[in-house]
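Now for the letters of each chain:
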Amino acid sequence: MDNQTILELTNVRKVFGQTVALDSVTFSLRRAEIHGLLGGNGAGKTTLMNILYGLYRKDEGEILHKGKKINIQGPKDAIRQGIGMVHQHFLQIGNFTVLENIILGTDIDNRYTMKTQNEEKKILDLCQRFGLDVDLNTTIDTLTVGTRQKVEILKALYRGVDILILDEPTTNLTPQEVDALFESLRVMVNDGLSIVFITHKLREVLSVCDRITVLREGKNITTLDRKDASEEVFVRAMVGDKMDIENSIYFATDQRSSFVNRLDQAAAFEMSSVSFINKDGIPRLKDVSLNIHSGEIVGVSGVAGNGQRELAEIVTGVIPVSHGKILLDSKDITHTNNQELFKTGIAYIPEDRLHDGFLPKANVAQNLILGHHRNQPYSDGNFINWKTVFKETREQIKEYNIKTSGPEDVGGNLSGGNIQRVLIARAFSMPSQLLVAHNPTRGLDIPSMDFVYQKMLKRREEGYATLLISEDLDELIRICDRIAVIYRGEILGILPRSEFDKYAIGRLMSGIKEENPATEEKALP
Amino acid sequence: AAVATEAPTTKIYKLAAIFPGVITDADYNTLAYEGIVALKTATGIETAYSESVAVPDVDRVMREYIDAGFNIIWTHGGQFVTQTADLAVQFPDVVFIAEGDAALENSPANLWFIDRNFHVGYYGIGAIAARTTKTGKIGYLGGLTLPFSYAEAHAVQQAVKDSGLDVEVKLVWAGDFNDPTKARQVADALIAEGVDVIMSSLNLGVFGVFESVKAAATPVLVTVKYTDKSSYAPDNYITSLIYDFSGPLTDIYNKVVAGETGGYYPLGFATGVKFNTPLMNVDASVISQMDTVIADLNSGKIEVVKDSSEIK
Amino acid sequence: MTIVKKALPYFLAVVASFIAAGIFIALMGFDVFKAYSTILFTSFRTPNGFIQTLLKFVPLVLQALAFTIPLTAGKFNIGGEGQMIAGGIGAAVVGILFSSLPAYLLLPLVILGGIIAGAIWGLIPAWLLYKFNINEILTTVLLNFVALALIDYVCTGALRDPGAGHPTTVAIGVGGWLPLFMKNPPFHAGIIIAILVAIGVYIYTARTTGGYELIATGANPRAAGVFGIKVRRMFVLSLLLGGAIAGLSGAIEVAGVQHRLIEGMQSNYMVLGLIIGLIAKGDNRVVPFVAFAIAILEVGASAMQRTLMIPVEMVFIVEALILLFVLLSDVVRRK
Amino acid sequence: MDILVNFLRLVLLSMVPFVLAGQGTMLGGRTGVFNVAQEGMMLVGASLGFLVSYYSGSIFLGMVAAMLSGALFGLALAYFTTALKMDQFVIGLALFFIGVGLSTLLPKIIIGITLTPPLIKTLPNLAIPLLSSIPVLGPILFNHNILVYASVIISVGLWYFLYRTQKGLELRSVGEHPMTADSLGVNTTKNRYWSTIIGGALIGLSGAYLPMVYSGTFTEGMVMGRGWLAIALTFFGGWSPLPILFGSLFFSAVEVLAFRVQVIGSFLPYQFLQMLPYIATIIVMIITFKRARVPAFLGLNYDREKRSV
Ligand SMILES: Nc1ncnc2c1ncn2[C@@H]1O[C@H](COP(=O)(O)OP(=O)(O)OP(=O)(O)O)[C@@H](O)[C@H]1O
Ligand SMILES: Nc1ncnc2c1ncn2[C@@H]1O[C@H](COP(=O)(O)OP(=O)(O)OP(=O)(O)O)[C@@H](O)[C@H]1O
Ligand SMILES: [Mg+2]
Ligand SMILES: [Mg+2]
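Residues numbered from 1 in each chain as written. Chains lettered and ligands numbered in written order. Predicted model: local features only at pLDDT ≥ 70, side-chain atom pairs only at ≥ 80, totals over all residues. Heavy atoms only, no water.

Topic: the environment of C:Gly242
Residue and element names in this part refer to chain C. Selection rule: Where helices and strands are cited, they refer to DSSP runs of H or I of at least four residues and of E of at least two residues respectively, numbered from the N terminus. Summary of the burial criterion: residues with accessible area below 20% of their type's maximum are buried, those above 50% are exposed, and those between are partly exposed, where the area comes from a 1.4 Å probe applied to protein chains only. Any two residues whose heavy atoms approach within 4.5 Å are treated as being in contact.
Tracing the backbone through its elements, the reader meets Gly242 in helix H10 (residues 231–258). Since its relative accessible area comes to 0%, Gly242 is described here as buried. The sequence separation of Gly242 and Ala66 amounts to 176 residues, and the corresponding C-alpha distance is 3.9 Å. Once residues within four sequence positions are removed from consideration, Gly242 is found in contact with Ala66, Pro70, Asn77 and Gln83.

Below, the structure is given as structure tokens:
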């Protein structure tokens, strides 16, 4: 151990029932470094950090803080040791204010009156120092995902941590927000903080981390300095030999030419001048027109919260259209309810998988037929044919590589990534004229993402339409025919594949319409 | 051995009693419990009882007793009448005792029907209240609008009329015989309306009435039912209509042993009902007038009309 | 083998609870073995005991289903009592008003009257939930009290039995009486209805698309709604069905047992129904079996009070202990 | 005027058990523990409170005993649901049964069967010097038994505690999202225990109010569904101290009014007057429905190493 090391975990082991989540894992963190923790779904990253943070109890192993053995029984102990954690799923109280969320659990100066001006001042200072700005008196529920991310980081900083764990902090962020986050992280490190940064995304790790540890299936594979390693090394370490990197879409460098233009095909889906005004009278979609041709994948790009969710829900009939017209296969579906739509040809992967897409209290089979439960062959409309459903479920568990004990397993037992696989299996298992996929690969590791891309391209080959709404621009560029950019509920532009350009799209995403493309381009670094 | 003990002529009787509430209620159920204890000491009969039997269970409990060899079944409460009579038809060898407020139409030959005749007692209560009130307002506080309750109220009205005094009778219902909280709330409302004598016809609810009269700013008197409750509110208590079941029960038992397995047994001031005497907190003149009233009731000079029609 | 494995902890739990309650009973100076043999065997020693257990089973299983069906959709129906009373009122009113009708008309009408009245009593909270999003626990509890006042009104109003010293209506027409399998003890056909309902509920929830939608709604209403299920309608439907079944239990009590409306006929069936539903973990398939076990217990425990003079309150305590230990067995199994 | 004074006095007198039991239910619920044993706990509070008052001759000791019994039930509820993670609803019902049984068993064992069960002196009115002599307001507000004052003070105190102190914020967080609270070092277990125990004590005390104010003695099953009603009124009050106070006040006002109307005489059968408070509560709920809120984690158990989806 060198004198720079402030924290060390040695030979940590953790078993959940049958699964060995961590098997003799060792991890060390130096002062003022950003340490990347890389690994596929279920590699044990979260488990390892939860142990450090006191949320899980380790079965074996030791934790050394500045060379001294420490005993962490719960988060309280971890906080006392200066450890803070930003969790993979936000841990925030929806109906509390930002301020209350941040100060919760800390000692307040005026604890019997709750006059919190001292605390507010401290937080505002932090906001300024690290370039995170939020309004302290708004309720969490009303915030965007990006802002909630900031609140999560502020919570840790407020506690004066010198070790900060970030568990997949970028999955919910747009490119701009990721950049801003990375900037903040750099400021923190310069302040002397040490950061553990968990992610699936190689590029992020390579751009921001000083050292990187790779976990696979509960074991550590390697720890390397960034400068000592290439992308290739990490890919191998992460995925093992299971993945065919040569033929993957994720790592494909240039496939653009192989795409055949589909604009000559009939439009499978037409949306003209559609608007949506929400319950509070606020317009969330304005005059949106969008066509998708048979065999086409149309992407929708935008900063989170610009109407993507409403767009997805309008198309799938979850919320009613305020104005405009929608045709599916030349049939007017403007006012068709979602029950009918699911019956007649729409499939949907919602963004918020736990809340909008999954039945944790129902079993895997019941989850797989949700929305298609009135369709053949699952049902004759009145009775469900469970024999068929179970047979299909078993096949899909195999095909989609869902880790579960079987069709009767309770949904709540599945891991996040496996829940996502269930949603994907559900969407692809039934033939559909239009698939609406909203952030379908969020939280998936690279092999799983690749699998989803293969599936989408297969649809494309078969001539079905797909609407892919994603905040991951790389993903859209990888597999879309066209990309529409949405900004404050309006489509600012639709680019064909030949004109895909990260910066051009980025500009549209921030609301700048391209008027003088040439000069703008030069202005960029 | 079984044959040897079986006396050839006298049948061995075993009595089982079924109570709607617990025997510790110091009220209707305690009376019954004391009744069987008295019967047991007097006659040596084997007895058993079940407490808190709900309406849906009474048929089953009676049958279980019959299965177990009991041959006098007494159900203590008006809610059990029809089921008891129904069962009596099915078990002609068992004697049943039921209680109610109006004679049954086709009473089986093996059923003793105790008619509680509450209205007779309430004529007396009404007579006392009418002679006692200073405000000219007396209140009848019942539990539910049952036929016997209306009969009691009519009897009170008759007594007031017979007394020739200008007294207004207020009629209110607590909605439950056993809820002291509600009873107190209704009694409070009565007192607020100027009533100074409350004639309660409740079971456990009566304790709420006591607390209400004790807390009242003006003097309010109260009459109650079933047992001697004078100790609860000695300064407000006039009397209680005491119902004693040990007398009637022993009577009926003796008749059964004598071979009379069924019949009609009315309660009255001569059988099982009496005032808790001496009357408290009333003028001596009231006491002496009441002696004549009771004598007239017993002699038949005053006939209390049993009118259970609704009072609006 | 697996069934034995699954049932073993429950069996041990019951044994443990009996031991615990037994200590209590012994401390109070009663004969524990006699007490338990009474509890366990009353239902099986005599035909009467068995039939009484079956009769008890009828309202218990119906009340439990009235709770578990809304529970499937994630709603808590604490209004089984009020719905049962409403059902009793509906059945009695029909049975009295049309008392001269022949059985083939009157009996179905009486049963239907109970079902509809119970359904209405379930529909009110359902509608308040649908329209105003008012918590169903609040409304179902309050409506129980309203029903209690209403039964008083009906039993002491125009339909009252003038001879009864208790809130009771006159008898319904003989045509409205449930047929008897046996006269002595009167073993009415309600058991058939209860079993049919239990099977029907099972088929509905486990086999039909509608039942699936109910389950999906209970599992995650938001997701169910996104995927085309009319969630709030499922809430309404589930409470409506629960109310109808509770109403049916009231109708059976009127048509099968009392032949009239009697206040108090609702007994403590609702609470027992809740307990049965919860022991069965809301699983409609398991409900009838648990209901039968509780019926044995109820019949046996009341016999225990009768034969051994063990205070009736002990019955409550024994039942609570069994419940606790059955749940504890889950905890032990989890470990 | 007199009539109004009298009416309002009676309303304050009547609201107390609902306020106390409602606040007790709310307090536990605010950490996610949904108590449904009120009916049984109130009965035990009534029974034990009465017995102890009687034998010790001190009504104060009776109140303490009632609170202890409620606290003990609260402890049991917390233990089974927090330590053993058993279903809250089932445990609540089991405790309810035990309470119902014990409440009648205790007097039976201790007192036995008597024709005249013992009576305690009910709570005296404590006129607050000066304040009670204010015309109109004095008799309405300042001449009551101690529990009337206590119920108001407890309600306001709970409001202050929950919304104006650090511990209150922590307590509320446990009922909204225990994992968040836990991850920030808030002791979820401790909060659940304390809130349920103190809530239980309040519920026990609310039961004791009945013999100590209304009847002077314990009668079988005297709570008569008021425990269930308290749960409904807690929902009515949106699981918040002050709305629960006002909700109970409103309910009692309608109840007292209905009794009053009955005495004066009305065209409505009295049963319909008796339904009035319940129906009025539902109607008010319809009018104010948007504000009613339930703690997000109400009725659910929290297990750190288990993901709660
Ligand atoms: N509440 C639970 N009860 C039982 N098992 C659980 C529970 N939660 C998680 N598991 C087990 O843990 C596994 C996944 O946990 P977790 O969500 O941490 O996985 P993960 O590695 O993050 O996977 P992913 O990347 O797919 O999200 C599941 O496969 C399941 O077997
Ligand atoms: N709460 C839990 N209960 C049971 N098993 C768990 C639990 N959490 C994690 N596991 C197990 O531990 C393994 C590692 O999970 P962990 O969440 O640490 O993975 P991860 O590397 O964070 O994956 P991801 O990238 O999906 O977040 C899982 O595959 C699972 O088997
Ligand atoms: Mg993770
Ligand atoms: Mg995960």
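Focus: the interface of chain C and chain B
Formally: Here the buried area means the combined drop in accessible surface, using a 1.4 Å probe, for two parts upon being joined, counting both sides. Basic side-chain nitrogens of Lys or Arg form a salt bridge, by our definition, when they fall within 4 Å of a carboxyl oxygen of Asp or Glu. Polar contacts, as counted here, are pairs of nitrogen or oxygen atoms within 3.5 Å of one another; within protein the pair requires one atom able to donate a hydrogen and one able to accept it, and residues that are adjacent in sequence qualify only if both atoms are side-chain atoms.
Listed as interface residues are 36 residues of chain C and, on the opposing side, 38 residues of chain B. Between chain C and chain B, a total of about 2,900 Å² is buried, with carbon and sulfur atoms accounting for 49% of that surface. When the buried area of chain C at its contact with chain B is split by residue, C:Arg160, C:Gly165 and C:Arg306 rank highest and sum to 20% of it. Remark: the boundary between chain C and chain B carries one salt bridge. We note a salt bridge from B:Asp57 to C:Lys56, for which the minimum N-O separation is 2.5 Å. Counting every contact that joins chain C to chain B gives six residue pairs in polar contact (both at pLDDT 80 or more). Secondary structure elements with two or more residues in the side of chain C that touches chain B: helix H3 (47–72), helix H6 (136–156), H10 and helix H12 (287–308) of chain C. At five residues, H12(C) tops the list of elements feeding residues into the side of chain C that touches chain B.

A look at the packing of aromatic side chains
Our working definition: Here the aromatic set is Phe, Tyr and Trp, taking the six-membered ring for Trp, and pairing holds for ring centres within 6.5 Å; pairs whose planes are under 30 degrees apart are stacked, those over 60 apart are edge-to-face, and all others are tilted. For a ring to carry a charge above it, either NZ of a lysine or CZ of an arginine must fall within 6 Å of the ring centroid while also lying within 35 degrees of the normal to the ring plane.
Under the defined criterion, the tally for this structure stands at 53 aromatic pairs over all chains. Here the aromatic rings of B:Phe269 and B:Phe275 are separated by 5.3 Å at their centres, their planes lie at 40 degrees, and the arrangement is tilted. Of the residues examined, B:Phe269 reaches a relative accessible area of 13% and is grouped as buried. Ring pairs connect the aromatic residues B:Phe19, B:Tyr28, B:Tyr33, B:Tyr49, B:Trp74, B:Phe118, B:Phe148, B:Phe177, B:Tyr226, B:Tyr243 and B:Phe245, which therefore count as one cluster. Between the NZ or CZ atom of B:Arg116 and the centre of the ring of B:Phe148, over which it lies, the distance is 5.4 Å. Of note, C:Arg232 hangs over the ring of C:Tyr130, and the distance from its end group to the ring centre comes to 4.5 Å.

Notes on the pattern of salt bridges
It is possible for side chains bearing opposite charge to pair when their charged atoms get close. In this structure the tally under the stated criterion is 45 salt bridges over all chains. Across the pair C:Glu136 and C:Lys75 runs a salt bridge whose closest N-O atoms are separated by 3.7 Å. Of this pair, C:Glu136 sits in helix H6 while C:Lys75 sits in the loop between H3 and helix H4 (80–97); the two residues are 61 residues apart in sequence, bridging distant segments of the chain. There is no split in this pair, since C:Glu136 and C:Lys75 are both buried. Several salt bridges converge on common partners, so that one network encompasses A:Arg309, A:Glu313, A:Glu351, A:Asp356 and C:Arg222.

Structural notes on the confidence of the model for chain D
All names here are of chain D. Note the threshold: As a per-residue quantity, pLDDT reports the predictor's confidence and falls between 0 and 100.
Model confidence for chain D is summarised by a mean pLDDT of 92, while 97% of its residues fall at 70 or above. When mean pLDDT is taken per element in chain D, helix H9 (residues 188–215) scores highest with 97 and helix H5 (residues 137–141) scores lowest with 83. If you check the scores for this complex, the pTM reads 0.88 and the ipTM reads 0.86.

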